[in-house]
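What follows is the residue order along each chain.
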Amino acid sequence: MLTEEQISALAPTPAALKAGQKLAQGNAWQNQGHSDRALWAEVQGSGKEPYLTRIDTESLGYKCTCPSRQFPCKHAVGLLLLRSRQGAAFPRGNEPEWVSEWIDRRRQRESKKEEPEPEATPQKAEKKAQQKATTTANRLELVLAGATDLQQWLEDLVRIGWLSLPQKPPTEFAQVAA
C-alpha cells in the first residue's frame, strides 16, 4: 500500500491532488473493493452514471471512465488516498468484470513487450545489413554534397568580399544553413 507522500508525488498537478484529497474525505464512493492485483470503486461525478475507477496495484496503472485528460485523474488519486486512510473500507473480493477485463488486457500487453523477437534468418540479416549500408551511403552522399555547396559559397564570399554580407537577404543564409 502506498503512503500519502507517495500518492501526492503521483498526482499530475497540485489541483488534482487537492481534488483527490477532497474526494478521499467524502462519501461519494461506492462498491469499493480490492484483490491481489487491483483496487476499484465507483464514484459519483458530475454525470448521471458514476465513474468507474480502477488501479492496477502490481504495476501501478490507472483507469477511470471520467473525461479527464490528467493521468492519474483526481478520482484515481482520491481512491488511492481513501485506501491509504481507510483500508478497512475496502473489502477483499472478486474483481468486477470491468476491472478484471482491464487488468487482463494490461497483462497481455505487458507479456507481448517481454517476448523476444524471433531469431533472424540469414536472409533477413543480410537484407537488413544491405539496407543499413544503403542508408549510410545515401547519408554520406548528402553530407558530401552539402560540404561541397558550403565550400563553393565560402569561396564565392571570399571572391566577392566580406563587406557584401550585410546586403545579402536572410533567405540566402537559410539556404546555406540547410
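Structure's up top.
Not measured: the values here are computed from a predicted model.

(A) Structural context of the overall build of the protein. Helix and strand counts for the protein stand at six helices and four strands. Each helix (α) and strand (β) of the protein, taken in turn from the N terminus, gives the series α-α-β-β-β-β-α-α-α-α. Here the protein has a C-alpha radius of gyration of 30 Å; the compact-globule value for 178 residues is 16 Å, and the former is much larger. Considering only C-alpha atoms, the protein reaches an extent of 85 × 55 × 30 Å along its principal axes. Counting only residues that meet the buried cut, the protein has 29% of its 178 residues in that class. Nonlocal contacts in the protein, meaning residues at least 24 apart in sequence, comprise 56% of its contacts between residues at least 6 apart. About 12,600 Å² of surface is accessible on the protein, with carbon and sulfur atoms providing 54% of the total.

(B) View of the layout of surface pockets. Its boundaries defined by the atoms lining it, the largest pocket holds a volume of some 230 Å³. Met1, Leu2, His34, Ser35, Ala38, Leu39, Ile55, Thr57, Glu58, Leu60, Leu80 and Arg83 together form the lining of the largest pocket. Considering only residue class, the lining of the largest pocket consists of seven nonpolar, three polar and two charged. Roughly 170 Å³ of volume is contained in the second largest pocket. Residue assignment for the lining of the second largest pocket shows that the elements contributing at least two residues are helix H5 (122-160) and helix H6 (170-177). Ranked by residue count, the leading element in the lining of the second largest pocket is H5, at four residues. By residue class, the composition of the lining of the second largest pocket is four nonpolar, two polar and one charged.

Cut-offs applied
- Residues numbered from 1 in each chain as written.
- Predicted model: local features only at pLDDT ≥ 70, side-chain atom pairs only at ≥ 80, totals over all residues.
- Heavy atoms only, no water.
- Helix = DSSP H or I, 4+ residues; strand = E, 2+ residues; numbered from the N terminus.
- Rg over C-alpha atoms; globule rule 2.2 N^0.38 Å.
- Buried < 20%, exposed > 50% of the residue type's maximum accessible area, 1.4 Å probe, protein only.
- Contact = heavy atoms within 4.5 Å.
- Areas by Shrake-Rupley, 256 points an atom, 1.4 Å probe, with all protein chains shown as cover.
- 1 Å grid on protein atoms, 1.4 Å probe; cavity = no way out; pocket = protein on both sides within 12 Å on 5 of 7 lines; lining within 4 Å.
- Points joined across faces, edges and corners; volume = space filled by probe spheres on them.
- Nonpolar A, V, L, I, M, F, W, Y, C, P; charged D, E, K, R; others polar.

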